[in-house]
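Here is what each chain is made of, one letter per residue.
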Amino acid sequence: MSHHDSPAESPAESPAESPAETADGTVAETRPAAVIVLAAGAGTRMKSETPKIMHPIGGLSMIGHALAAAKGLAPDHLVAVVRHQRDKVAEHIVSLDDEVLLADQDEVPGTGRAVECGLEALAAAGDAPESGTVVVTYGDVPLLTTEMLDELVRRHETEANAVTVLTTVLDDAAAYGRVLRAEDGSVTGIVEFKDATAEQRGIREINSGIYAFDAGVLTRALAQVTTDNAQGEKYLTDVLSLARAEGGRVAAVVTEDRWQVEGANDRVQMQALGAELNRRVVEAHMRGGTTVIDPATTWIDASVTLEPDTTVLPGTQLHGATHIGRGAVVGPDTTLTDVVVGEGATVTRTHGTGAQIGDGSAVGPFTYLRPGTQLGPEGKIGAFYETKNVSIGRGSKLSHLGYAGDAEIGEQTNIGCGNITANYDGERKHRTVIGSHVRTSSNTVFVAPVEVGDGAYTGAGAVIRKDVPAGALGLSVAPQRNSEGWVEQRRPDSAAAEAARRAGSADE
């Protein structure tokens, strides 16, 4: 379905399994000779500088999802056919999997030519499949699972088909290619919408564009396919009639889960796919033992892991390699990317990236965890705190209104309100080391590099420029001087002066 411009459809409920469970590297029972992923399209309706297949949903680009599903089949060879913004797409594919063979599509348009270019790239590498199964899929079909592809290949090989096509039935088949069947139910061909008769356009079973081919049949048929059609393209669908003409069997695997074969041609369709993927991921986590209070406002990437008895509160987004430990509570209004949350921890109204939160710890509200933050067990980073590249020992607390960066803090230490580590001198970053069982008073500034020994204290407002020995009190306090009568002399007509006069009269 993805290789046609098609109208957006509203999300629908589906009984299919979650892609979070099915695209996680599971190796299928079958092992095709090759999988060719078509990724050459321009995607002009996206109206984007970014190639269509590189747009992300569920924490991974659409081509990333497609390659993961294909790789789950453990094929002998995995090929991606590229053309539009070739260098950018190729670099992205290699960053995902450097074992993917890249094939360039030439000037000849059409999916048939794209597949042919993939086979030619395999031949040039000395890996042309002379036998076995060749699977063709697309880089913009992100919800397709390894299990669905495995079923396609298994049926194809069990039934000794020449071609097996994955199809689905839609109430509104729109501009998709229609599946033509004989009276006995066998597939006689596929007709593209622009070439279809009025009667054929009434068919509701549509071509997904995803196939399993006998390698020999595919190679021979593609050599005979022409561009003599309404669109002037080399249609991959023409292979089906050619396969039948040489006596091969053509069959279909029909899926009730249309989302698995749904592609994205514009951002509306991409959003619908993203929402459906998220629905499946969230549902899978709930069935696995996570309480999600409001699935409608919860977004969880397919790569995130949550242990049983976790709770996710409304307005929460979990991205990347984030892991939530058993019994932890995250949210509301929290965004975590590549964050590890320990068992029994609570994270409230927090934005965090690349951080580790220990078992039983508390973070938030209104906390900003930057990369390199490591909070030990039973610790606390409280309201309006920012941390970066800091390790915090067991039981230590940074309760409110402060900044800790490029620092090491020991165990059972209490950092007072308004403390900051002044770690940057304008050119270089420096490190602050604070020991265990330290007590720092409000508004202490640690001018790095500096060390504070175990059991030390600091006074309120201290600016610590020198090391504080263990057990010492660090002070930087000038004697207080009061200028009596200053307000009445300098601000005689102010409300403050009037208040001072009234206070003076009351004291007499």
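The model shown is predicted, which means the values in this text are computed figures rather than measured ones. (Residues numbered from 1 in each chain as written. Predicted model: local features only at pLDDT ≥ 70, side-chain atom pairs only at ≥ 80, totals over all residues. Heavy atoms only, no water.)

Trainee: What is the right way to look at a nonpolar patch on the surface in this model?
Mentor: On the surface, a cluster of nonpolar side chains totalling about 440 Å² of accessible area is made up of Tyr-457, Leu-473, Leu-475 and Val-477. Mapped onto the fold, Leu-473 is located in strand S37 (residues 473–474). Using a relative accessible area of 53% as the deciding quantity, one classes Leu-473 as exposed. (Patch = residues over 30% accessible without salt bridge, like charges linked within 9 Å, V, L, I, M, F, W, Y side chains within 5 Å. Areas by Shrake-Rupley, 256 points an atom, 1.4 Å probe, with all protein chains shown as cover. Salt bridge = Lys/Arg side-chain N within 4 Å of Asp/Glu carboxyl O. Helix = DSSP H or I, 4+ residues; strand = E, 2+ residues; numbered from the N terminus. Buried < 20%, exposed > 50% of the residue type's maximum accessible area, 1.4 Å probe, protein only.)

Trainee: What should I look at first to understand helix H9 (residues 267–287) in this one?
Mentor: One turn of the α-helix equals 3.6 residues, which is why residues spaced by three or four share an orientation. Spanning 21 residues, H9 covers 30 Å between terminal C-alpha atoms, matching the ideal 30 Å at 1.5 Å per step. At the N-terminal end of H9, a side-chain oxygen is found 3.1 Å from the backbone nitrogen of Val-268, two or three residues along, and the residue is Asp-266. A positive phi of about 115° marks Gly-289, the residue just after H9. (Expected span 1.5 Å × (residues − 1). Polar contact = N/O pair within 3.5 Å; in protein donor to acceptor, adjacent residues only side chain to side chain.)

Trainee: I would appreciate a short explanation of the side chain of Thr-421 in the present structure.
Mentor: With respect to the helices and strands, the residue Thr-421 is situated in strand S30 (residues 420–422). Judged by its relative accessible area of 6%, Thr-421 is buried.

Trainee: What is the right way to look at the pattern of salt bridges in this model?
Mentor: Side chains carrying opposite charge are able to pair once their charged atoms draw close together. All chains considered together, the criterion is met by 31 salt bridges. A salt bridge links Arg-154 to Glu-151; the shortest N-O distance between them is 2.7 Å. With a gap of 3 residues between them, Arg-154 and Glu-151 both fall in helix H5 (residues 146–158), about one helical turn apart. Under the relative-accessibility criterion, Arg-154 is labelled partly exposed at 34%. The class for Glu-151 is partly exposed, based on a relative accessible area of 24%. Salt-bridge contacts for Arg-280 lead to Glu-276; the nearest nitrogen and oxygen are separated by 2.7 Å. Of this pair, Arg-280 and Glu-276 both sit in helix H9, separated by 4 residues, roughly a single helical turn. With relative accessibility at 3%, the residue Arg-280 sits in the buried group. Glu-276 gets classed as buried once you look at its relative accessible area, which sits at 1%.

Trainee: Mind showing me how you'd approach the environment of Thr-334 here?
Mentor: Along the chain, Thr-334 turns up in the loop between strand S18 (329–330) and strand S19 (335–337). Classification of Thr-334 as buried rests on a relative accessible area of 0%. Remark: the alpha-carbon pair of Thr-334 and Arg-31, spanning 303 residues in sequence, is separated by 42 Å. Discounting chain neighbours no more than four positions away, the residues touching Thr-334 are Gly-315, Thr-316, Gln-317, Val-347, Thr-348, Arg-349 and Thr-350. From its side chain, Thr-334 meets the backbone oxygen of Pro-332 in a polar contact 3.1 Å long. (Contact = heavy atoms within 4.5 Å.)

Trainee: Teacher, can you tell me more about the nonpolar core here?
Mentor: Here is a general trend for soluble globular proteins: nonpolar side chains tend to be buried in one another's company. Val-115, Val-163, Ile-210, Leu-218, Leu-236 and Val-239 are the most contacted members of the largest nonpolar core, which totals 63 residues. Here the element with the most residues in this core is strand S1 (residues 34–39); it accounts for 6 residues. In this structure, Met-46, Leu-336, Ala-345 and Ala-456 belong to the second largest nonpolar core, which totals 49 residues. (Core = buried A, V, L, I, M, F, W, Y, C linked by side-chain atoms within 4.5 Å.)

Trainee: I would appreciate a short explanation of the packing of helix H2 (residues 62–71) against helix H3 (residues 86–96) in the present structure.
Mentor: The description of two helices packed together rests on the angle between their axes and the distance between the axes. For the pair H2 and H3, the least separation of the axes is 10 Å and the interaxial angle reads 45°. Between H2 and H3, the angle falls in the class oblique. The handedness of the crossing between H2 and H3 comes out as right-handed. Taken together, the residues of H3 that come into contact with H2 (itself represented by Ile-63, Gly-64 and Leu-67) are His-92, Ile-93 and Leu-96. Grouping the constituent residues of the contact of H2 with H3 by class yields 4 nonpolar, 2 polar and no charged. (Axes fitted to C-alpha atoms, helices over the stretch in contact; angles between N-to-C directions. Parallel < 35°, antiparallel > 145°, perpendicular 65-115°, else oblique. Left-handed = near helix turned anticlockwise from the far one by under 90°. Nonpolar A, V, L, I, M, F, W, Y, C, P; charged D, E, K, R; others polar.)

These figures come from the coordinates and say nothing about function on their own.
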